[in-house]
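Listed below, chain by chain, are the residues.
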Amino acid sequence: MSRDHHSGLRCPHCQTALALVPAADNPAVPALSPVVRDETPPPVHEVLAVYANRTRDTATALRGAARVRDSFNRARRAAAQRRAAQRAAQQRPVRSA
């Protein structure tokens, strides 16, 4: 990303990024006129179209799902242990010196 693409010029009304481009050979138009650039991302269906024709490997998908399930279960057990330790710490009587 060069500074040519991020000039810092913004529309005062809608804050859209503006780019400086050379004007046509018309002497009435200033040498550099701002042009509104569209910085919106492409639609999701266009991005995912790249992956549409890929085949699905069932064995790899099942292994991945099993790994995600195991990770989720480990996190759930760790959270339950943390909560139990917090409850036990709150129930201990405080001893004064």
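Residues numbered from 1 in each chain as written. Predicted model: local features only at pLDDT ≥ 70, side-chain atom pairs only at ≥ 80, totals over all residues. Heavy atoms only, no water.

Undergrad: Mind laying out the overall build of the protein chain, listing which residues take part and the relevant values?
TA: When its secondary structure is counted, the protein chain shows two helices and two strands. Along the chain direction, N to C, the helices and strands of the protein chain fall in the order β-β-α-α. For the protein chain, the proportion of its 97 residues judged to be buried stands at 5%. Within the protein chain, contacts between residues separated by at least 24 positions form 3% of all contacts whose residues are at least 6 apart in sequence. Approximately 9300 Å² of the protein chain is accessible, and the part contributed by carbon and sulfur atoms is 56%. (Helix = DSSP H or I, 4+ residues; strand = E, 2+ residues; numbered from the N terminus. Buried < 20%, exposed > 50% of the residue type's maximum accessible area, 1.4 Å probe, protein only. Contact = heavy atoms within 4.5 Å. Areas by Shrake-Rupley, 256 points an atom, 1.4 Å probe, with all protein chains shown as cover.)

Undergrad: Explain a nonpolar patch on the surface to me, using residue names and the numbers behind them.
TA: A cluster of nonpolar residues, Val44, Val47, Leu48, Val50 and Tyr51, forms a patch on the protein surface that exposes about 490 Å² of accessible area. Tracing the backbone through its elements, the reader meets Val50 in the loop between helix H1 (44–48) and helix H2 (58–91). On the basis of relative accessible area, Val50 is assigned to the exposed category, the value being 56%. (Patch = residues over 30% accessible without salt bridge, like charges linked within 9 Å, V, L, I, M, F, W, Y side chains within 5 Å. Salt bridge = Lys/Arg side-chain N within 4 Å of Asp/Glu carboxyl O.)

Undergrad: Tell me what's going on with the confidence of the model for the protein chain, and back it up with residues and numbers.
TA: For the protein chain, mean pLDDT is 78; residues scoring 70 or higher make up 71% of the total. No element of the protein chain has a lower mean pLDDT than strand E2 (residues 32–36), at 59, and none a higher one than H2, at 94. (pLDDT = per-residue confidence, 0-100.)

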